[in-house]
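Structural characterization, general
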Number of protein chains: 2
Amino acid sequence: MPRNVNKEVIKQADAADCPLPLTRLNTAECRSETLAENQKREVKTIPAPADFPGMRSVVTFYLCYLPCMCLGVACVACVSLWCSRWRGGFAWDGSARQFNWHPVLMVTGLLVLYGNGAVLYRIPLTWGQNKLPWKLLHAGVMLLALLFSVLGLCAVFDFHNAAQIPNLYSLHSWIGIATTALFAMQWLGGLVVFLLPCSTMSLRKLLKPFHVWMGASILSLSIVACISGINEKLFFVLKGSVNGSQPYSLLPPEARFGNFLGILIVAFGLAVLGILSNSKWQRPEPNTEGVAYRPLHQEEDE
Amino acid sequence: MPRNVNKEVIKQADAADCPLPLTRLNTAECRSETLAENQKREVKTIPAPADFPGMRSVVTFYLCYLPCMCLGVACVACVSLWCSRWRGGFAWDGSARQFNWHPVLMVTGLLVLYGNGAVLYRIPLTWGQNKLPWKLLHAGVMLLALLFSVLGLCAVFDFHNAAQIPNLYSLHSWIGIATTALFAMQWLGGLVVFLLPCSTMSLRKLLKPFHVWMGASILSLSIVACISGINEKLFFVLKGSVNGSQPYSLLPPEARFGNFLGILIVAFGLAVLGILSNSKWQRPEPNTEGVAYRPLHQEEDE
């Protein structure tokens, strides 16, 4: 029983860790097996290119990735449309029109740009290439996402201060500010540990799972902050007493649109988390154990 | 370069897939290697028991699992305390005291019991044993969680109907009802596919990753629903005009306690999602490829 189990474990490891056909062939070649066993393996297990699990995995990836990107674009379009059509548009003058930048910048930065930056390494197109440019792009997209988020916070703080509304009292605001703070720490930590030449390869290997888990947690918190914020805003503005507007409970068009935006946000977030959680779509990492530290310009992969 | 890379991939597969010391020894024995290579491997790589990555992994698991369970207990205690101390306690008479069952039952069922049921297979104590009793316990805990959630929904529907408040209009309610519906479908699907003797082993293997991803998504949605619900409730009850209560914006004790409860909920949810996402803590699954379907009473593992 244990013999069968462990042989299968090795077989499964091949399929999971060698997602590209070429890599899979190399695995069979490089395994420390007898020649007879190698020949038997080649005859029995190498399928036609179209049947490679890796190829299927790549196709499945794009079938998930492309709709996910469309959901992200839809989130940005819908939050912009909500603020421009129902909430009076945009300005930077301390008025409610300045507040409108808050949902747009947070959804664009802390959710959509962040989600795109998070799944960058999962794109199979990038796997055969030097990792450094993609690492710089990952850091760049995340920096842009962070700047959008900080600007989004400035918009709401300015509006609150001008209208003499206290800052940071609601659970939404606590979750939102904590998410942005964690994001800033994650970005700085990522810069120091994974990009700048001041950390060892062993430290990078040690901290990578934590960086990945923290990244997914920040995205989850971002979804929580977005949904609680939209819910709160719809209760604030749809009171049924100001300017003859219908109350939220009667589900006027703005309420239905806001709820629909919330569902889009949840769908985008869960799709990104789904892509991140699929081990078959992780960038294959080469041997780094025992490799001496290499500074940034010499680095290819870790 | 490819030779090194692929040898390392196999090494890493050993560490990840064979978390128990005994299993790890068996892996070396069962691998299709020459005798000389096996001997070399044994001399070079078998560490002292305390150094086994599997043993470290098990210890790390319990260091995460036990605080996570404490967070769950704290969530149930705090939501009960909030409703009994500040919201007037509990009843089942259509009043606001019936509403109080809603947060308590949802947090207990859809979050804490659900989270406990989800991580059940990750407990290393269960790995060396027949899977069926643990599968029945997983289904049982999840059924209890579902019953608590449905009862929690009944509490709020009854209260709304008695007070003539419309049901299901807010984004919180849309997310909450969708989460409970997905949970019910997930439970029924899990029963049919993974427990009852009416599905094939290949179907189980095919659907298992989807079941796991959907399970984690339902937990994420549950966190979103809990946070948006607490945020909404605190705005409803802390208006600063009824019975001389202070407004939410001045952060009276109830507001601070409610926000603290929200943070506990987020911490518990992220801890459970972190445990679920760690591949080293997944129950090792034996070979099932090509195994004919076995009915429930004969089944040991899939």
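Source: prediction; values computed, not measured.

Rules used throughout
- Residues numbered from 1 in each chain as written.
- Chains lettered and ligands numbered in written order.
- Predicted model: local features only at pLDDT ≥ 70, side-chain atom pairs only at ≥ 80, totals over all residues.
- Heavy atoms only, no water.
- Helix = DSSP H or I, 4+ residues; strand = E, 2+ residues; numbered from the N terminus.
- Buried < 20%, exposed > 50% of the residue type's maximum accessible area, 1.4 Å probe, protein only.
- Areas by Shrake-Rupley, 256 points an atom, 1.4 Å probe, with all protein chains shown as cover.
- 1 Å grid on protein atoms, 1.4 Å probe; cavity = no way out; pocket = protein on both sides within 12 Å on 5 of 7 lines; lining within 4 Å.
- Points joined across faces, edges and corners; volume = space filled by probe spheres on them.
- Nonpolar A, V, L, I, M, F, W, Y, C, P; charged D, E, K, R; others polar.
- Patch = residues over 30% accessible without salt bridge, like charges linked within 9 Å, V, L, I, M, F, W, Y side chains within 5 Å.
- Salt bridge = Lys/Arg side-chain N within 4 Å of Asp/Glu carboxyl O.
- Phe/Tyr/Trp six-rings, centres within 6.5 Å; stacked < 30°, edge-to-face > 60°.
- Core = buried A, V, L, I, M, F, W, Y, C linked by side-chain atoms within 4.5 Å.
- Contact = heavy atoms within 4.5 Å.
- Axes fitted to C-alpha atoms, helices over the stretch in contact; angles between N-to-C directions.
- Parallel < 35°, antiparallel > 145°, perpendicular 65-115°, else oblique.
- Left-handed = near helix turned anticlockwise from the far one by under 90°.

Along its length, chain A carries ten helices and zero strands. Overall, chain A shows an N-to-C arrangement of helices and strands of α-α-α-α-α-α-α-α-α-α. Of all 302 residues assigned to chain A, the portion counted as buried reaches 49%. For chain A, the computed accessible surface area is about 13900 Å², with 68% contributed by carbon and sulfur atoms.

Right, let's talk about unusual backbone geometry for a bit. One non-glycine residue with positive phi stands out, namely Leu168(A), at about 50°. Residue placement: Leu168(A) occurs in the loop between helix 7 (131-162) and helix 8 (171-195). A positive phi angle, near 50°, is found at Leu251(B), a position not held by glycine. Its place among the elements puts Leu251(B) in the loop between helix 9 (201-237) and helix 10 (253-277).

Moving on, we get to empty space enclosed by the protein. A full pass over the atoms with the stated rule returns three cavities of 30 Å³ or more. Roughly 80 Å³ of internal volume is contained in the second largest cavity. Lining the second largest cavity are Ser220(A), Leu221(A), Ile223(A), Val224(A), Val266(A), Leu270(A), Ser220(B), Leu221(B), Ile223(B), Val224(B), Val266(B) and Leu270(B). Secondary structure elements with two or more residues in the lining of the second largest cavity: helix 9 (201-237) and helix 10 (253-277) of chain A together with helix 9 and helix 10 of chain B. Grouping the constituent residues of the lining of the second largest cavity by class yields ten nonpolar, two polar and no charged.

For the rest of this paragraph, the subject is a nonpolar patch on the surface. Residue and element names in this part refer to chain A. On the surface, Met55, Val59 and Leu63 cluster together into a nonpolar patch covering about 280 Å² of accessible area. By the secondary structure assignment, valine 59 is in helix 4 (residues 53-85). Of the residues examined, valine 59 reaches a relative accessible area of 47% and is grouped as partly exposed.

Let us look at the packing of aromatic side chains. Taken as a whole and judged by the stated rule, the model has 26 aromatic pairs over all chains. A ring pair is formed by Tyr114(A) and Phe183(A), whose centres lie 4.8 Å apart and whose planes are at 80°; its orientation type is edge-to-face. Placement of the pair is Tyr114(A) in helix 6 (residues 101-118) and Phe183(A) in helix 8, with a sequence separation of 69 residues. By relative accessible area, Tyr114(A) is classed as buried at 2%. Judged by its relative accessible area of 2%, Phe183(A) falls in the buried class. Where Phe61(B) meets Trp281(B), the ring centres are 5.4 Å apart and the plane angle is 85°; that geometry is what we call edge-to-face. Here Phe61(B) is found in helix 4 (residues 53-85), whereas its partner Trp281(B) is found in the segment after helix 10, with 220 residues between them in sequence.

Now for the nonpolar core. Ranked by internal contacts, the top residues of the largest apolar core, which has 130 residues, are Leu111(A), Ile265(A), Leu111(B) and Ile265(B). Not counting the four nearest positions on each side in its chain, Ile265(A) is found in contact with Cys75(A), Val107(A), Leu111(A), Ile223(A), Cys226(A), Ile227(A) and Ile230(A).

What follows deals with the packing of helix 8 of chain A against helix 9 of chain A. Residue and element names in this part refer to chain A. With their axes 9 Å apart at the nearest point, helix 8 and helix 9 run at an angle of 155° to one another. In terms of orientation, helix 8 and helix 9 fall into the roughly antiparallel class. For the pair helix 8 and helix 9, the crossing hand works out as left-handed. Residues belonging to the contact of helix 8 with helix 9 are distributed by class as follows: twelve nonpolar, ten polar and three charged.

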